[in-house]
Amino acid sequence: MFVSFKNNPCLSPLLAQFPSLWPQKMATVYQAPCLANFKATRTKIQCKKIKNDSVFEEKKLVFVDYEKGDHHVSTHVNGLRKADLTKQYRLRVEGDRFQKDWTVSEVVRNILELQPSNDVHGLLNCWIGRFARKNFPLLIKELTQRGALEHSVLVFEWMKNQKNYCARNDIYNMMIRLHARHNRSDQARGLFFEMQEWRCKPDAETYNALINAHGRAGQWRWAMNIMEDMLREAIPPSRSTYNNLINACGSSGHWKAALKVCKKMSENGVGPDLVTHNIVLSAFKTGAQFSKALSYFELMKGTNIRPDTTTLNIVIYCLVKLGHYEKAMTIFNSMRDKKSECHPDIVTFTSIINLYSVCGQIENCKAVFSTMIAEGMKPNIVAYNALMGAFASHGMSEEALTVFNEMKSSGFHPDVVSYTSLLNSYGRSKQPQKARQVFEMMKRDKWKPNLVSYNALIDAYGSSGLLAEAVEVLREMEKDSIQPNIVSISSLLASCGRCGQKVNIDAVLSAAEMRGIRLNTIAYNAAIGSYMNIGEYEKATGLYKTMKKTKVRPDSITYTVLISGCCKMSKFVDAVEFYAEMMDMKVVVTKEVYSSVICSYSNQGKVTEAEAMFNKMKVAGCHPDVITYTTMLHAYNNAGYWEKSCELFQEMVSHDILFDTVACSALMRAFNKGGQSSKVLILAELMRERNIPVHDAVFFEMTSACSLLRDWKTILDLIKLMEPSLSVVSIGLVNQILHVLGKSGRAESMLKLFFKIMASGAEINFSTYSILLKNLLAAGNWRKYVEVLEWMMDAGFTPSSDMYSDILSFAQKSAGPKHATVIRDRIENAAAVVNYIKDEPLELPCYIPEVYY
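Small disclaimer: the values here were computed from a predicted structure and weren't measured.

Here is what the cut-offs are and how they apply
Residues numbered from 1 in each chain as written. Predicted model: local features only at pLDDT ≥ 70, side-chain atom pairs only at ≥ 80, totals over all residues. Heavy atoms only, no water. Phe/Tyr/Trp six-rings, centres within 6.5 Å; stacked < 30°, edge-to-face > 60°. Helix = DSSP H or I, 4+ residues; strand = E, 2+ residues; numbered from the N terminus. Buried < 20%, exposed > 50% of the residue type's maximum accessible area, 1.4 Å probe, protein only. Lys NZ or Arg CZ within 6 Å of the ring centre and 35° of its normal. Disulfide = S-S within 2.5 Å. Core = buried A, V, L, I, M, F, W, Y, C linked by side-chain atoms within 4.5 Å. Contact = heavy atoms within 4.5 Å. pLDDT = per-residue confidence, 0-100. Expected span 1.5 Å × (residues − 1).

Asks: Quick one: what's the story with the packing of aromatic side chains, residue by residue and with numbers?
Replies: What characterises a pair of aromatic rings is the spacing of the ring centres plus the angle enclosed by the ring planes. Using the criterion set out here, one finds 23 aromatic pairs in the structure. Pairing Trp255 with Phe284 gives two aromatic rings, centres 5.8 Å apart and planes at 45 degrees, and the pair type is tilted. Taken together, the residues span a long stretch of sequence, with Trp255 in helix α12 (residues 255-267) and Phe284 in helix α13 (residues 274-286) at a distance of 29 residues. For Phe284, a relative accessible area of 5% corresponds to the buried category. Taken together, Phe754, Phe755, Tyr769, Trp791 and Phe797 form an aromatic cluster joined through their ring pairs. The side chain of Arg189 reaches across the aromatic face of Trp222, ending 4.0 Å from its centre. Sitting over the ring of Tyr537, Lys571 keeps its end group 4.9 Å from the ring centre.

Asks: For the state of the cysteines, give the residues involved together with the corresponding values.
Replies: The final tally for this structure, using the stated rule, is zero disulfides. Free of any disulfide, Cys365 has its nearest cysteine sulfur in Cys359, 8.7 Å distant.

Asks: If you had to explain the nonpolar core to someone new, which residues and values would you point to?
Replies: Looking at soluble globular proteins, one finds that nonpolar side chains tend to be buried together. One finds Ile111, Leu124, Leu139, Val155 and Ile563 to be the most contacted residues of the largest nonpolar core, which totals 232 residues. Those residues in contact with Val155 that sit more than four places away from it in its chain are Ile111, Val120, Leu124, Leu139, Ile140 and Leu143. Leu80, Leu85, Phe131 and Ala132 belong to the second largest nonpolar core, which has six residues in total.

Asks: Run through unusual backbone geometry, naming residues and quoting values.
Replies: Negative phi values dominate among residues other than glycine, just as trans dominates among peptide bonds. Phi is positive for Ser481, which is not a glycine, with a value near 65 degrees. Checked against the element boundaries, Ser481 lands in the loop between α24 (467-479) and α25 (486-499). Look at Ser570: it is not a glycine, yet its phi comes out positive at around 60 degrees. Secondary-structure assignment places Ser570 in the loop between α29 (556-568) and α30 (572-584).

Asks: Tell me about the confidence of the model for the protein, residues and numbers included.
Replies: Per-chain confidence: the protein averages 80 in pLDDT, with 86% of residues scoring 70 or above. Scored below 50 in pLDDT, residues 1-50 makes 46 contacts in the model with residues more than four places away or belonging to other chains. pLDDT under 50 marks residues 836-853. Its contacts with residues more than four places away, or in other chains, come to 23 contacts.

Asks: How would you sum up helix α35 (residues 661-673)? Please name residues and give values.
Replies: Helix length check: α35 (13 residues) gives 18 Å between terminal C-alpha atoms against 18 Å at 1.5 Å per residue, within 8%. In terms of burial, α35 is largely enclosed, as ten of its 13 residues are buried. Turning to α35, its buried residues are Thr661, Ala663, Cys664, Ser665, Ala666, Leu667, Met668, Ala670, Phe671 and Asn672. Contacts from the buried residues of α35 go to α33 (626-639), α34 (642-654), α36 (678-689) and α37 (696-709).

Laid out in C-alpha cells, this is it:
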C-alpha cells in the first residue's frame, strides 16, 4: 500500500496523536526519519492477512463405549474464534460475560438442543463468531448436514439480518438441498427466486439442487422445465444434472422419459457413469419393468463400468419379482465370495429374505437374518419388517411377535409397516381379536393406520367369516378420511363367499360401484369364487361375461375358479367349454385347471380325452399330483381299463407320489378288478407303514381281495381292527364282511359279528338279514334261519316270499318230514304275529306241497 502525504496535510499530526490507526505491520517507510519532519510524498504500507486455514478444516471425533459396544463418529469445525477477529470487534465483546467464544460445532450443538419455538436468534446473538462472515457457510453446512430443517430456516433468517451478511450461492444451494431432502419443493423454488433478488446468480449446482427437490416430490415435469430454464441461461448441464433429472423421471414411474433424458445426455457428450446406470435400473424397477431392467444390465456389462452393490441389489430384486430365484441366489452367493468386489449389504440380505418368503422357506428367512447379524451388520427397521412380513404371510403370529419385541429391544421404534405386519400375522392365523388389539396399539403409539393397515384388518375379520365386523372396519376407514380401494372390496367379496351370503356379495358390488371403484381381475376373481362357493352358477357366469365386456382380462385364477366350480356342480360340459376359451385367450394353464378338465372328461366317460389331457399336462411341465393321478385312476376304473390303472400305479411309485386314502382305494379297486388282489394287501401294508388313514372304501376292497384270495385269517384280523369303530362303519361294508364270513363257512363268526354290530347301534337294513339267511341256509342251520326271520320281523322288516320258499324247500329236501312240520309251524306262527300287528292277510308261497300239512 502506498500512502501519499502530499494531499493530506493533517495526516501526520493525526497519526502522531492516534498511533492505533497505524497498520499493525508496515513495510519500509521511505524518506521518513521521524514523524515531526515527515516530508516524504509517498509511503508504501503492506497489510498481510492472517492465514489460518486450519480453523476451517473438519476434524473427526470418535466416541467409543466398550461396555455397550457402541461407537459414534462426528465432525468438529472450529471456525473463526475471538482471537481471529479484528480489534474493533474484540474490544466490543471484551468483558461481556454474555458473549461466548464457541466453535461452529458448539453453536450447532447448542442450537439443536433448543426447540424451534425457543429463542434461536437470542442464542446466536451471544456468539462472538457472528462477526466473522466466513463462519456463516460453515454454520449452515453443519446444520443442513444434520437435516435440521426448522433450525436451519431460523438460522438463515437471522443470518440475513446481520450487517456483515453477503448472499452466496453455496449457502442458498445448501438450503435448497435441505428442502429437497424434506420434499418441500415449493420452499426450494422460493429460495431459487429469492437468491436472484439478492443478485446472486444461480449456477449449475443450484439447478441440480432444484431439480433434485422436484424429483423427490414426484414433480418430474417441473424438473424437466427447470432443465430447459438452465439451458436458456447458457449454463451447461453436468453429469449430476442429468442424473438428477433421470432420477426425477424414474422415481415417478416414468421410465420412458428417463430413457429419453439418458439418450439426450449421451448426445450432448456427457457420458453416463455408474450412478447413471443405477438410476436407470431403479427407474425400470419403480416402473415394474423388471425384464427391461435385466436386459439393460446385460448391456451394461458390455461397457467398462463395473456394477457395484447397489446395481446387484436392483438386479436381485428384479429377479425375485420375475420368479428367477436360482439366478438371484447365484448373484447373492457370488457377492459373498471373498474375491468379490461387491459385498452384500443390508439391502441385499433384505432382498434374499423376501425371496425365501415368496418361496415359502421360512426357516431360510431366519437363517439369512442370523447370517446378516453374524457378519457384523446391524439390522435396520426395513430388515426387521421383512422378516416380520415373512412370518405374517404364513400366519406365524408367535414368531412375528418375537421379532416385533426384538426390534423394540434393539432401540428401533416400530413404524406403520411393523404394526401392519404383526396385524396381518394375526389375521392369517385366524385371530381377529388380537389383530384388532394390534390395530388399537398402533393408534395409541401415535401412528395413523394407513390403507394397507385397514385392509389387513378387513381381511383378518373376513378370513374368519366375521363379515359384519369387516364391514364395520370399512365404515371406520371412511370416517378416518381413508377411501377404500379395490383391495378392500376384494377382501369383502372373499369374506362373503366364506360366509355363504349371496345378498352381501351383491351389496359389496353395489358399494364398489357407488364409490367409483372399478373392479380389477383380482376383485372379479373374488366375486366369481364367492358365487361359486354358494352355488350361484348363473351369477358367477354373468359376472364373467361382465368382466369380458368391460375389457378386464381374465387370468389363470379366473378360469381355475370357473372350471373347478363347474366340476363341483357337475357341469362338466361347461368346464370343458371354459377350458377352450382359456386356450383361445392364451392364458397359462395351471395344474388345478388340468386336474379339473381331466375330472370333467372322466365323469363324461371320455377316457381318451382325459388321457390326452393328462399327457399334455406332463408335457407342459405341470407335474401331476396325487389328486390328478386319482382322477385318472377313477377314469380308468370306470372304463374297465384295469391294466392301465396298474401301470399308473407303477408311475406313481417311480415319481415318489405320496398316496392318500382316496388314491389307495381307487388302486385297490383296480387291482381287484384286474385280477391282482395280492397287490391290494401289499398296498394295505404300505398304508400302514406310512400312517395313511383307512376308511370304508379301503376296508371294502381289502375284504374283497381276501375273499378272492380265500385269505380268511386276514379277514378275521380286519374284523378285529374294525370292531372299535363298528358304530360308524357304512352298511355296505358291514354287509360285505358278513357275506365274506358266510361264504367262508364261518357261520358262527358271522353271527358273532352280527351281534356286535347290533350292540354297537350300527344301521342294519334288509340286505343284511338277506345275507345272513342265505349263508345260514347254505350251512344247513335251519334253526338259526328261522330265528333270524323272527329277528327280522321284530326289527320291522317283512321277509320276502323267496325267503319263505328257500327255507321250506330246504325242509322238503334236507330236513325230513318231522323237521319240516316244525319249520312250517314256526314260520306260520311268526308270520301270523307280524300280520296281525299289521292287520294284513297271511300269505305263504302257494306252491308248498301238501305233505307239510
